[in-house]
Amino acid sequence: MIDAENLAKRNIIYFFYAGKKRLSNNFFSYLNEAMRICLVLNPRYGIFQVLYSQARVREKGFFLINWWSRQEGIFRSPLLPSAYDMYRNFHRRVFKIPVLHKPPWNFVTYYNDTFEVKGGRDDKVLKLLASKLNFRYEYFDPPDRSQGSAVVNGTMQGVLGLIWQRVADIFIGDLTVTYERSLAVDFSFLTLTDNEAFLTHAPGRLNEALALVRPFNWKVWPAVTATFLLAGGLVYLFFLAANDWKPHKRNLLYQCVWITTSIFLKQNTSANLKFDRVRFLVIILYLISTYVIGDMYSANLTSMLAKPAKEKPISNLEQLDTAMKSRGYQLLVEKHSASHTVLENGTGLYKSIWEKMKNQQTYLLNSTEEGMLMVRDKKNIAVIGGRETFFYNTKRFGIHHFHLSEKLFTRYSAIALQMGCPFIDNFNEILMQLFEAGILTKITEDEYQKLGELGATVSEKENTKDNNIERNHQKEDDKKLRTMSMKMLQGAFYVLLSGHTLAAFSFLSEIVFHCFNTRGAAQAFFLLKLSSWN
């Protein structure tokens with residue numbers, strides 16, 4: 001018995017000498033096109049016939065390609081024909097190719113019992129290959145609508161499993177090359193250079209009521225507050241030093257504090273400053289608070305009110321891991337995809353993230369498109385996959401809904417063929433020509449330009465007109481600066497309300513304290529009179 005799975009290698013030729021014995025039927029039943037088998041027959045003395053399994057592109061079996069005799073030698077040299085020359089023309093051979101819906105690579109519309117392929121970048125590439133090599137193809141809907149990852153327990157899922165089992169001939173459609181996959185299928189020359197990334201919901205706007213404290217970094221505010229608190233005491237010390245440490249005025253400290261407070265609040269104040277050192281210090285305070293701190297604060301505040309600040313986005317794996325740990329974020333991945341394999345077999349941060357994902361109620365998706373719709377509608381959802389796929393679909397679903405992370409690592413996509421495929425060199429030659437001529441890039445750019453024509457999902461069609469108007473308004477709102485409105489100034493009114501509340505509380509406290517002191521003085525006077533009468 002011939003083990004077809006392990007013997008199908010392009011760089012190995014198997015020779016069998018039959019002599020005059022008839023080969024069994026089992027020998028022929030286990031042969032396939034990927035195996036390079038040469039059968040040598042000896043029908044009569046001095047004559048040898050050479051039969052080859054890769055002698056025709058449309059029929060399977062052994063065909064006479066050469067012979068040898070004592071008188072004439074070899075009929076044709078070299079002994080075996082070149083696979084490259086043999087498969088230049090497939091003579092309208094039909095290939096069975098599974099197809100998956102994954103814009104912009106393939107657009108597939110599914111009906112009750114049928115489906116329809118409506119173009120796509122990889123569909124165009126396949127048409128170019130078919131026209132050049134003269135073959136036909138038939139798409140079919142795979143039972144498991146996924147790509148497939150590694151061989152587990154002797155089986156492999158998805159479309160790669162169909163190729164591994166030699167049920168399907170070819171698969172093209174944003175298929176990332178990985179080591180695990182290369183053990184089950186052969187990959188052609190690359191069709192796309194992509195990057196791994198993850199997608200999160202677009203950062204929301206920060207509360208405009210806190211815009212008053214946002215112009216400066218948190219490290220700046222303690223220094224400004226300390227300067228504000230110490231300025232009054234510093235002026236007071238300068239007064240004392242200039243007057244030989246003898247206070248010449250009552251409530252001098254309170255007056256110094258009031259002067260510095262008025263300066264920092266940019267209010268007019270009148271002060272009788274008799275000493276040059278005190279005047280010099282007050283001038284410095286005016287310059288620092290009014291022209292440096294005040295103007296910088298005003299400029300930053302104006303710009304932030306004109307274009308409100310947003311939340312800090314999640315842009316790398318460290319931030320994503322922290323968000324999953326402390327903010328309840330959930331990461332989703334398409335099952336049997338290359339991203340799924342990287343997370344499942346990864347180390348370091350990938351392993352940490354994968355352990356958190358397994359604690360989620362759901363973490364595997366049927367398609368990346370499904371995950372992007374969840375990201376669009378929810379804020380604590382992230383999905384990982386190919387950056388080009390994300391970039392294309394964000395334009396379909398509204399780019400203002402999403403935030404694309406940094407590039408995690410580079411990955412390459414290629415066409416998957418059966419192990420030991422004899423015509424892979426013919427595919428590679430055409431793909432390299434398309435790559436060098438820039439045709440692959442041009443086909444990809446054409447799909448980006450046709451965003452409005454193909455691939456509208458059912459969920460998009462169900463959106464109401466009001467939602468579309470709101471999204472368009474928000475999108476335009478993010479692109480340009482906004483005019484000032486009362487809503488943007490709500491923080492200033494909150495501060496004003498707090499100031500009025502504090503002032504009212506201080507005023508009532510002073511009234512109560514004054515009444516208490518007045519009542520206490522009256523009681524003391526009454527007791528003094530009473531004692532004198534006694």
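Quick caveat: nothing in here was measured; it's all calculated off a predicted structure.

## Points about the overall build of the protein chain
Secondary structure summary: the protein chain contains 19 helices and 16 strands in total. When each of the 534 residues of the protein chain is scored for burial, the buried share is 41%. For the protein chain, restricting intrachain contacts to residue pairs at least 6 apart in sequence, the fraction spanning at least 24 positions comes to 69%. Here the protein chain displays about 31,000 Å² of accessible surface, and carbon together with sulfur accounts for 57% of that area.

## As for the nonpolar core
With 24 residues, the main nonpolar core has Phe90, Leu129, Phe135, Ile415, Leu417, Phe423 and Phe427 as its most contacted residues. Those residues in contact with Phe427, other than ones at most four positions away along the chain, are Leu129, Leu133, Phe135, Ile170, Ile415 and Leu417. Phe198, Met324, Ile353 and Met357 belong to the second-largest nonpolar core, a separate cluster that totals 16 residues.

## A few points about the packing of helix 4 (residues 121-133) against helix 15 (residues 424-436)
For the pair helix 4 and helix 15, the least separation of the axes is 11 Å and the interaxial angle reads 120°. Taken together, helix 4 and helix 15 sit at an angle that is classed as oblique. Seen from above, helix 4 lies across helix 15 with right-handed handedness. On helix 15, the residues touching Val125, Leu128, Leu129, Lys132 and Leu133 of helix 4 are Asn426, Phe427, Ile430, Leu431 and Leu434. The residue makeup of the contact of helix 4 with helix 15, split by class, is eight nonpolar, one polar and one charged.

## Here's the deal with a nonpolar patch on the surface
Together, Ile13, Phe15, Trp68, Ile74 and Leu79 make up an exposed nonpolar region whose accessible area comes to about 440 Å². Here Ile74 is to be found in strand 5 (residues 73-74). Classification of Ile74 by relative accessible area gives partly exposed; the value is 47%.

How each quantity is defined
- Residues numbered from 1 in each chain as written.
- Predicted model: local features only at pLDDT ≥ 70, side-chain atom pairs only at ≥ 80, totals over all residues.
- Heavy atoms only, no water.
- Helix = DSSP H or I, 4+ residues; strand = E, 2+ residues; numbered from the N terminus.
- Buried < 20%, exposed > 50% of the residue type's maximum accessible area, 1.4 Å probe, protein only.
- Contact = heavy atoms within 4.5 Å.
- Areas by Shrake-Rupley, 256 points an atom, 1.4 Å probe, with all protein chains shown as cover.
- Core = buried A, V, L, I, M, F, W, Y, C linked by side-chain atoms within 4.5 Å.
- Axes fitted to C-alpha atoms, helices over the stretch in contact; angles between N-to-C directions.
- Parallel < 35°, antiparallel > 145°, perpendicular 65-115°, else oblique.
- Left-handed = near helix turned anticlockwise from the far one by under 90°.
- Nonpolar A, V, L, I, M, F, W, Y, C, P; charged D, E, K, R; others polar.
- Patch = residues over 30% accessible without salt bridge, like charges linked within 9 Å, V, L, I, M, F, W, Y side chains within 5 Å.
- Salt bridge = Lys/Arg side-chain N within 4 Å of Asp/Glu carboxyl O.

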